[in-house]
Amino acid sequence: SLDPVRNLSDHQSWTDDLPLCQMCGVGTAPNCTYGPDGKGTQSHPNEDGHFRSEDGLYLYGVFNGFDGSRVSSFVSQCLTAELLLGQLNSTQTDTDVRRILTQTFSQFEQAFLNLFSPPRSPVHLLPFLPPSQGVPFHQLSPQSQKMSERLKELEQEVSGGAMAVVALILNSRLYIANVGTNRALLCKSASDGQNQVLQIGRPHTTENEDELQRLAGLGLDVSRLRQAGVIAGQSSTRRIGDYRVKYNYTDIDLLSAAKSKPIIAEPEIQASQPLEGVTGFLLLMSEGLIKALEAAHGPEQANQEMVAMVAAELAQQGSLEAVAQSVVERVKRLHHDVYASGRQRAAACSRHEDMTLLIRTLNYTLADGALTPTQGGRIYPVSVPYSNCPSSTSKTSVTLSLVMPSQGGTLTNGTNTASNLDEGTNTSPTATLLFRQRGSQASQPDETGRVPPYVDFTQFYRLWGSDHSDVLGSQGSSAGLGPQ
């Protein structure tokens, strides 16, 4: 049978003529599995997808496909066409926008199924067909053999799916619609020089209490779901496509007690964010990018570290495409370096999935691109200016970061040089300090002529100490980092 989505992608799409947003950049990297020698190989074609269009409004999306790219490809085209070709306009209220977004997800969920299954085709029999009970193929009747072959084709066609995070900017307001495990971060510069990082929405997994409550309402055992973590091959409890699971959930032990379909494609749409006068940037990330960074450095500061990486590249590069790709490449190198190090987290970094990062700036001025892009090393967030209030943990700097070198080399002004770490010494490696001039926002001397402290290294000391606890432990407490 023909693959309609593949044919659509091979020829001109109905959305090809829509203008691309020039305030946006995208970086990607394919999946990779490392061998014992540290070399990586791609295990399957890239299944991620994305779009970035403007036509009186701004629409962006990142899609994390699985079991093929058919769903992510179809959704990226269908969603763009549905929302940009007449459905949305500036006269609509918040309630209207949220309703349209929800309806659109439902429509293209059904549209994709119909694309493969005209009325009375075998796909509509999928929930009702009995298993073959192990009867050898050659013992089936000719009619049953044809049906069996068609069902195998059908199973392949409908087995794939995708998770999606979609951002819409309309009337200077930001709407985020999320299905699954991708992530949206909004970084806003504050007037006091600090920058707030807001994760909009939570991933739909068995660690999400709201999702567990929804599934419990369907009659499922929450304790079993929490313990399993993975449902029918995916960690996400909401997915686009994956009809094999949605139609046959009664045959899946973990889901069989559900009163209705437990795996759904309904998006969670958070309250809109006002963007009037906001300076900063929006990040849309696929699950593969998030998981790679969390596997390498832990989940605690993943959002802050991602923002710091983006800010460091924005401070140096004049192209958003280059910024996004550099950040993805940095995460890829960090992930590989942890695997090659053989340290505690190495086992969790033996492979990573496809990675996609979409950056959309908000009244943010790019650098002139004269500086050399930073290569390698981990970026540790540093708060500027210093704040000792309890809420400061939710803020991180996008204007000042310490770039510590990867193993085997010291990073100095964006250039890798020979390491200055000699065995048996406690000499600290050289770090590169990246910053952007703040002009009038600089701290002013007080009545004594002193400038208040404006750099808080607390996060840096904690993260660096955690990453190098094995070295510091062997050298004694005197080797610890921190103000002396």
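Fair warning: this is a prediction, and the values are worked out from it, not measured in the lab.

This brings us to the side chain of Ser326. The residue Ser326 is located in helix 10 (residues 320-341) in this model. Judged by its relative accessible area of 18%, Ser326 is buried. The residues contacting Ser326, other than those within four sequence positions of it, are Glu313 and Gln317.

With that settled, consider the confidence of the model for the protein chain. Reading fine detail from the predicted coordinates is not recommended where pLDDT is low. Put simply, the protein chain has an average pLDDT of 75, and 65% of its residues get 70 or more. A low-confidence stretch, residues 127-132 stays under pLDDT 50, and its non-local contacts, those more than four residues away or across chains, total three contacts.

Mapped onto the elements, Cys21 comes out in the loop between helix 1 (4-10) and strand 1 (24-29). Residues Cys21 and Ser53, spaced 32 residues apart in sequence, show a C-alpha to C-alpha distance of 5.2 Å.

What follows is about the pattern of salt bridges. Taken as a whole and assessed by the stated rule, the structure comprises 13 salt bridges. In this structure, Arg244 engages Asp67 in a salt bridge whose closest nitrogen and oxygen atoms are separated by 3.9 Å. With Arg244 in helix 7 (residues 243-247) and Asp67 in the loop between strand 5 (58-66) and helix 2 (70-87), this residue pair connects regions lying 177 residues apart in the sequence. Overall, Arg244 belongs to the partly exposed group, its relative accessible area being 32%. What you see here is one network of salt bridges that share partners, running through Glu211, Arg214 and Arg238.

Right, let's get into the nonpolar core. In this structure, Leu59, Leu79, Phe105, Phe108, Val166, Leu168 and Ile240 are the most contacted members of the largest nonpolar core, which totals 31 residues. Breaking this core down by element, the ones donating at least two residues are strand 5, helix 2, helix 3 (94-116), strand 6 (161-170) and strand 7 (173-179). For Ile240, the residues in contact, after removing those within four places along its chain, are Val71, Val75, Phe105, Phe108, Glu109, Gly161, Ala162, Ala164, Val179, Lys246 and Ala265. Core analysis: the second largest hydrophobic core is formed by 28 residues, Leu185, Ala292, Val327 and Ile359 among them.

Next up on the list: the packing of helix 8 (residues 287-297) against helix 10. Taken N-terminus to C-terminus, the directions of helix 8 and helix 10 make an angle of 40°; their axes are 9 Å apart at the nearest point. With respect to helix 10, the element helix 8 is oriented oblique. By crossing handedness, the relation of helix 8 to helix 10 is classed as left-handed. The residues of helix 10 that touch helix 8, namely those facing Leu289, Ala292, Leu293, Ala295, Ala296 and His297, are Val328, Val331, Leu334, His335 and Val338. Here the contact of helix 8 with helix 10 is built from residues that sort into nine nonpolar, two polar and no charged.

This part is about the pairing of strand 8 (residues 183-189). Counting buried positions along strand 8 gives five out of seven residues, so the element sits mostly inside the fold. As paired elements, strand 8 and strand 13 (residues 280-285) share six bridges and run antiparallel to each other. Opposite Cys187, over in strand 13, you have Phe281 as the bridge partner. Sheet topology places strand 8 next to strand 9 (residues 195-199); five bridges connect them, and they run antiparallel. By the bridge assignment, Leu185 is partnered in strand 9 with Gln199.

Here the structure, examined in full by the defined rule, presents two aromatic pairs. Their ring planes at 25° and their centres at 5.2 Å tell us that Tyr34 and Tyr339 sit as a pair that is stacked. Taken together, the residues Tyr34 in strand 2 (residues 32-34) and Tyr339 in helix 10 connect sequence positions 305 residues apart. Stacked on the ring of Tyr247, the Lys or Arg Lys261 has its end atom at 4.6 Å from the ring centre. Here Arg360 stacks its cationic end above the ring of Tyr58, 4.7 Å away from the centre of that ring.

Right, let's get into the side chain of Gln316. Tracing the backbone shows Gln316 in the loop between helix 9 (302-314) and helix 10. According to the relative accessible area criterion, Gln316 is buried, its value standing at 5%. A polar side-chain atom of Gln316 sits 3.2 Å from the main-chain carbonyl oxygen of Ala312.

Right, let's talk about unusual backbone geometry for a bit. The backbone phi angle of Ala232 is positive, close to 50°, even though this residue is not glycine. With respect to the helices and strands, Ala232 occurs in the loop between helix 6 (222-228) and strand 10 (240-241). Relative accessible area serves as the criterion here: at 38%, Ala232 is assigned to the partly exposed category. The backbone of Asp242 shows a phi angle near 55°, a positive value even though the residue is not glycine. The residue Asp242 is located in the loop between strand 10 and helix 7 in this model.

Turning our eyes to something else, we now look at the sheet that holds strand 2. Pairing is antiparallel across the open sheet formed by three strands, whose spatial order is 3-2-14. A single partner strand is all that each edge strand has here, and the edge strands are strand 3 (40-41) and strand 14 (351-352). Two elements, strand 2 and strand 14, share two bridges in a ladder whose sense is antiparallel. Within strand 14, the position partnered with Thr33 by the bridge is Arg351. Along the sheet face, helix 10 touches strand 2 and strand 14 and points at about 20° away from the line of strand 2.

Reading the values: the criteria
- Residues numbered from 1 in each chain as written.
- Predicted model: local features only at pLDDT ≥ 70, side-chain atom pairs only at ≥ 80, totals over all residues.
- Heavy atoms only, no water.
- Helix = DSSP H or I, 4+ residues; strand = E, 2+ residues; numbered from the N terminus.
- Buried < 20%, exposed > 50% of the residue type's maximum accessible area, 1.4 Å probe, protein only.
- Contact = heavy atoms within 4.5 Å.
- pLDDT = per-residue confidence, 0-100.
- Salt bridge = Lys/Arg side-chain N within 4 Å of Asp/Glu carboxyl O.
- Core = buried A, V, L, I, M, F, W, Y, C linked by side-chain atoms within 4.5 Å.
- Axes fitted to C-alpha atoms, helices over the stretch in contact; angles between N-to-C directions.
- Parallel < 35°, antiparallel > 145°, perpendicular 65-115°, else oblique.
- Left-handed = near helix turned anticlockwise from the far one by under 90°.
- Nonpolar A, V, L, I, M, F, W, Y, C, P; charged D, E, K, R; others polar.
- Pairing = 2+ DSSP bridges.
- Phe/Tyr/Trp six-rings, centres within 6.5 Å; stacked < 30°, edge-to-face > 60°.
- Lys NZ or Arg CZ within 6 Å of the ring centre and 35° of its normal.
- Polar contact = N/O pair within 3.5 Å; in protein donor to acceptor, adjacent residues only side chain to side chain.

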